[in-house]
Amino acid sequence: MKRSGIITVIVIGLILVAAVAGYAVSLNRKKAVEEANTQITAVQKVLLRDLERNYPPSPKEVVKYFAEITKCFYNEEYTDEELTQLAEKIQGIYDDELIANKSQEDYLNDLNSEIADMKKDKCTISSYVVSTSVDVEEFTENGYSCARLYCTFNVKRGTSGTVASMEEFVLRKDEDGHWKIYGWDLVKD
């Protein structure tokens with residue numbers, strides 16, 4: 001009798017351990033499914049990039065990141081705090097001389113005004129195309145390594161269709177070897 005009682009206790013114990021383990025696995029699966037279903041917004045994706053550890057490696061990639069942030073400015077919904085964070089991210093890829101042209105307050109005011117104008121006109125950026133790597137012109141000016149390339153933004157204005165807007169970008173390498181946007185301008189037809 002004693003032996004069958006011990007076996008019964010062991011079997012019940014194993015059943016309880018299996019039930020607890022099954023419940024834990026079920027909870028982990030449910031949590032994993034919930035996390036997989038949680039989508040990151042375009043704004044969050046841009047803000048999650050750590051420029052200290054994951055700086056764009058080429059002029060083309062810097063302009064792509066600029067375009068992604070610009071799409072967020074005009075296409076996405078965000079809080080005032082997120083707008084400030086987006087502005088800081090885009091300034092993280094600007095050359096120091098470009099940043100020095102305006103105070104932070106003036107920069108944010110101008111940015112807010114530009115975004116408001118675009119949204120008032122119901123403009124969004126439907127897509128963009130950055131120059132191919134072979135079309136990036138590298139040159140030296142005043143002792144700095146520089147690069148010139150183009151990005152075409154396809155801007156949708158309300159229901160009136162899409163208009164292509166080509167921008168010329170000039171980038172300059174900083175002392176850390178990072179390509180920074182020195183300036184850009186609309187290419188006239």
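See above for the structure.
Thresholds applied
- One numbering rule holds for all chains: residues counted from 1, following each sequence as written.
- A pLDDT threshold of at least 70 governs which residues receive local features in this predicted model, and a stricter bar of 80 or more applies before side-chain atom pairs are shown or counted, although totals over entire chains, interfaces and linings include all residues.
- Side-chain calculation: all heavy atoms of the structure are included, whereas hydrogens and water are not.
- A side-chain nitrogen of Lys or Arg and a carboxyl oxygen of Asp or Glu constitute a salt bridge if their distance falls within 4 Å.
- Labels follow the DSSP assignment, with helices taken as runs of H or I lasting at least four residues and strands as runs of E lasting at least two, numbered in each case from the N terminus.
- The rule is simple: take the accessible area with a 1.4 Å probe, protein chains only, and divide by the maximum for that residue type; under 20% is buried, over 50% is exposed, in between is partly exposed.
- The term nonpolar core refers to a set of buried residues drawn from Ala, Val, Leu, Ile, Met, Phe, Trp, Tyr and Cys, joined through side-chain atoms within 4.5 Å.
- Pairs of residues are marked as contacts when any of their non-hydrogen atoms sit within 4.5 Å.
- Fitting a line to C-alpha atoms yields each axis, with helices limited to the stretch in contact; the angle taken between N-to-C directions then spans 0 to 180 degrees.
- Should an angle fall under 35 degrees it is taken as roughly parallel, and over 145 as roughly antiparallel, whereas 65 to 115 is taken as roughly perpendicular and any remaining angle as oblique.
- With the far helix as reference, a near helix turned anticlockwise by less than a right angle produces a left-handed crossing, and one turned clockwise produces a right-handed crossing.
- Under the scheme applied, nonpolar residues are Ala, Val, Leu, Ile, Met, Phe, Trp, Tyr, Cys and Pro; charged residues are Asp, Glu, Lys and Arg; polar residues are all the others, including Gly.
- In this scheme Phe, Tyr and Trp rings, the latter by its six-membered ring, pair at centre separations within 6.5 Å, and the angle between planes marks the pair as stacked below 30 degrees, edge-to-face above 60, and tilted otherwise.
- Comment: the charge-over-ring label is applied if NZ (Lys) or CZ (Arg) is within 6 Å of the ring centre and within 35 degrees of the ring normal.

Asker: Even after reading the chapter, I still don't get the pattern of salt bridges, so can you show me in this structure?
Answerer: Two side chains with opposite charge may pair up if their charged atoms get near one another. Enumeration over the complete set of coordinates arrives at eight salt bridges. The partner of Arg172 in a salt bridge is Asp95, and the shortest N-O contact between them spans 2.9 Å. Pair noted here: Arg172 is in strand S4 (residues 162-173) and Asp95 is in the loop between helix H4 (80-91) and helix H5 (96-99), with a separation of 77 residues, a long-range link. Judged on exposure class, the residue Arg172 and its partner Asp95 are both buried. It is possible to trace a salt-bridge network through shared partners that takes in Asp95, Glu97 and Arg172.

Asker: How do you make sense of the nonpolar core when you look at a structure like this?
Answerer: In a soluble, globular protein the nonpolar side chains are often hidden away together inside. With 39 residues, the main nonpolar core has Phe73, Leu86, Ile93 and Phe153 as its most contacted residues. Where this core is concerned, the elements lending two or more residues are helix H2 (42-48), helix H3 (59-75), H4, helix H6 (104-120), strand S1 (123-130), strand S3 (144-157), S4 and strand S5 (179-186). It is H3 that provides the largest number of residues to this core, a total of nine residues. Not counting the four nearest positions on each side in its chain, Phe73 is found in contact with Tyr78, Leu83, Leu86, Ala87, Ile90, Leu111, Ile115 and Lys119.

Asker: I tried to follow the environment of Ile181 on my own but got confused; where do I start?
Answerer: Positionally, Ile181 belongs in strand S5. Judged by its relative accessible area of 0%, Ile181 falls in the buried class. For the pair Ile181 and Ser4, spaced 177 residues apart in sequence, the C-alpha to C-alpha distance is 79 Å. Setting aside residues up to four positions removed in sequence, Ile181 forms contacts with Val62, Phe66, Ile93, Tyr94, Asp95, Leu98, Phe169, Val170 and Leu171.

Asker: Just checking my understanding: could you explain the packing of H3 against H4 for this structure?
Answerer: Axis angle and axis distance: for two packed helices, these are the angle between their axes and the distance between the axes, and together they describe the pair. Where H3 contacts H4, the axes come no closer than 10 Å and their chain directions differ by 160°. Relative to H4, the element H3 lies roughly antiparallel. With respect to the hand of their crossing, H3 and H4 are arranged in left-handed fashion. Facing Tyr65, Phe66, Ile69, Thr70, Cys72 and Phe73 of H3, the residues of H4 in contact are Leu83, Leu86, Ala87, Lys89 and Ile90. Of the residues in the contact of H3 with H4, the class split is nine nonpolar, one polar and one charged.

Asker: So what exactly am I meant to see when it comes to the packing of aromatic side chains here?
Answerer: Each pair of aromatic rings is reported with the distance of its centres and the angle of its planes. Under the definition given, this model contains six aromatic pairs. The interplanar angle of 75° and the centroid separation of 5.1 Å between the aromatic rings of Phe66 and Phe169 together place this pair among those described as edge-to-face. Linking Phe66 in helix H3 with Phe169 in strand S4, this pair joins segments that are 103 residues apart in sequence. Across the pair, Phe169 and Phe66 agree in class, each one buried. Arranged with centres 6.4 Å apart and planes meeting at 90°, the rings of Tyr94 and Tyr107 form a pair that is edge-to-face. Placement of the pair is Tyr94 in the loop between H4 and H5 and Tyr107 in helix H6, with a sequence separation of 13 residues. Of the residues examined, Tyr107 reaches a relative accessible area of 13% and is grouped as buried. Put simply, the rings of Phe66, Tyr94, Tyr107, Phe169 and Trp184 touch in pairs and so form one group of aromatic residues. Above the plane of the ring of Tyr65 lies Arg49, whose end atom (NZ or CZ) is 5.0 Å from the centre. Residue placement shows Arg172 over the ring face of Tyr144; its charged tip is 3.9 Å from the ring centre.

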